[in-house]
Amino acid sequence: MAKKIIITIDGWSSCGKSTLAKQLAKKLGYVYVDSGAMYRAITLYFLRNHIDWTNKSKVKAALKEVYLDFHFNEKDESSEIYLNGENVEYVIRDLVIAEKVSDIAAIKEVREFAVAQQKKLGAKKGIVMDGRDIGTVVFPRAELKIFMTADNAVRVERRFKELFEKNPNITIEEVKNNLEMRDYIDSHRAVSPLKKAHDALVLDNTNLTPEEQFQKALSWAKERLKDK
Ligand code: DC
């Protein structure tokens, strides 16, 4: 049987992590897991159920009611997140969620809940997972760790285009403020902040096309598979 590895992709918001992760997973026949979708789905649950997330016991009780899983959508060839049996893949991309998700992802209990599930998903290897702490905390022994970055202006432009398609009232200022706020909270929180793992390879895609970045990452993956 072919050997399988774990590939982690961490980095700033809107760097194109999920695009790359999906391409790699497809090419290698691996499972793709979007860990950010888990924090977004938990945020959706908290907002819908008016959970006071500043209250530890309320958070713990609420998490007992949250069941997350991923299903592969054959038509779109992508994996989609379900919250208590409901497909929430589309609604969690909304700016309303993006405005709160970094606060919720900074809560220790929330992270313990999500990280435990993420570790289980990687138990059999053959997985590409993207997020903020995947190479540092979730899979510190992953065979290939990628840390993605891109110029701020480029990231804002990319995210704006994505959100504008859903909501033409959105402004570039709103998107810029949200990205900057999330990057700040994600990299300054006390529990597993976003940072490059010491053994991660940096991929700056400011001037790369998706195909160029894919080829670069694929060559890294092939090298690691050879080493195994
Ligand atoms: O990747 P994303 O933008 O969908 O992630 C949403 C938020 O979730 C992000 O602002 C930070 C948080 N997150 C995290 O703290 N740890 C992860 N492994 C993934 C996401």
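Residues numbered from 1 in each chain as written. Predicted model: local features only at pLDDT ≥ 70, side-chain atom pairs only at ≥ 80, totals over all residues. Heavy atoms only, no water.

A. Structural context of the overall build of the protein. Across its full length, the protein holds nine helices and eight strands. Here the C-alpha atoms of the protein give a radius of gyration of 17 Å, agreeing with the 17 Å that 2.2 N^0.38 yields for 228 residues. Each principal axis of the C-alpha atoms in the protein carries an extent, and together these give about 50 × 40 × 35 Å. Across the 228 residues in the protein, those meeting the buried criterion constitute 48%. Taking the contacts inside the protein whose residues are at least 6 apart along the sequence as the reference set, 72% of them involve residues at least 24 apart. A total accessible area of about 11800 Å² is found for the protein, and carbon and sulfur atoms account for 54% of it. Mean positive and mean negative side-chain charge positions of the protein (39 and 34 charges, respectively) differ by 6 Å. (Helix = DSSP H or I, 4+ residues; strand = E, 2+ residues; numbered from the N terminus. Rg over C-alpha atoms; globule rule 2.2 N^0.38 Å. Buried < 20%, exposed > 50% of the residue type's maximum accessible area, 1.4 Å probe, protein only. Contact = heavy atoms within 4.5 Å. Areas by Shrake-Rupley, 256 points an atom, 1.4 Å probe, with all protein chains shown as cover. Lys, Arg positive; Asp, Glu negative; His and termini not counted. Charge placed at Lys NZ, Arg CZ, Asp CG, Glu CD.)

B. Layout of the nonpolar core. The biggest cluster of nonpolar side chains holds 35 residues, and the ones touching the most others in it are Ile42, Phe46, Leu68, Ile81 and Val110. Put simply, the parts of the chain that give this core at least two residues each are α2 (35-48), α3 (56-63), β4 (78-83), α4 (95-105), α5 (108-121), β6 (127-131) and α6 (134-138). Judged by nonpolar contacts, the second largest core, of 20 residues, contains Leu20, Tyr30, Leu203 and Ala221. (Core = buried A, V, L, I, M, F, W, Y, C linked by side-chain atoms within 4.5 Å.)

C. Spatial organisation of the pairing of strand β1 (residues 6-11). Within β1, six of the six residues are buried, which leaves it mostly tucked inside the rest of the structure. Both faces of β1 are covered, namely the face carrying Ile6, Thr8 and Asp10 and the face carrying Ile7, Ile9 and Gly11. As paired strands, β1 and β6 are joined by five bridges and run parallel to one another. Among the inter-strand pairings, Ile6 is bridged to a residue of β6, identified as Ile127. Pairing geometry for β1 and strand β7 (residues 144-149), over five bridges, is parallel. By the bridge assignment for β7, Ile7 is matched with Leu144. (Pairing = 2+ DSSP bridges.)

D. Highlighting the site of the ligand. Inspection of the region around the ligand gives 15 residues, with Arg40, Arg111, Asp133, Arg182 and Arg189 positioned closest. Within the side chain of Asp133, a nitrogen or oxygen atom sits 2.8 Å from a nitrogen atom of the ligand. At a separation of 2.7 Å, an oxygen atom of the ligand approaches a polar side-chain atom of Arg189. Per-element accounting of the shell around the ligand gives the leading share, four residues, to α2. (Near = heavy atom within 4 Å. Polar contact = N/O pair within 3.5 Å; in protein donor to acceptor, adjacent residues only side chain to side chain.)

E. Fine view of the pairing of β6. Within β6, five of the five residues are buried, which leaves it mostly tucked inside the rest of the structure. Every second residue of β6 is oriented toward a common face, with Ile127, Met129 and Gly131 on one face and Val128 and Asp130 on the other, all of them buried. Across four bridges, strand β2 (residues 31-34) lies against β6 in parallel orientation. Along β6, the bridge assignment pairs Val33 with Met129.

F. Local environment of α2. Taking 1.5 Å per residue, 14 residues should reach 20 Å; α2 reaches 20 Å between its end C-alpha atoms and fits that length. With respect to burial, α2 is a largely interior element, 11 of its 14 residues being buried. Along α2, the positions that sit buried rather than exposed are Ser35, Ala37, Met38, Tyr39, Arg40, Ala41, Ile42, Thr43, Leu44, Tyr45 and Phe46. The residue sitting at the N-terminus of α2 and contributing the capping side-chain oxygen is Asp34; that oxygen lies 3.1 Å from the backbone nitrogen of Gly36. Positive phi shows up at His50, right after α2, with a value of about 50 degrees. (Expected span 1.5 Å × (residues − 1).)

G. Spatial organisation of the sheet that holds β2. Read across the open sheet, the five strands follow the order β2-β6-β1-β7-β8; overall the sheet is parallel. If you trace the sheet from one side to the other, it starts and ends with β2 and β8 (201-204), each paired once. Across the sheet, the mean angle separating the axes of adjacent strands is 20 degrees when strand polarity is ignored. Bridge analysis of β7 against β8 gives four bridges, and the strand direction is parallel. Counterpart to Met148 in the pairing with β8 is Leu203. (Axes fitted to C-alpha atoms, helices over the stretch in contact; angles between N-to-C directions.)

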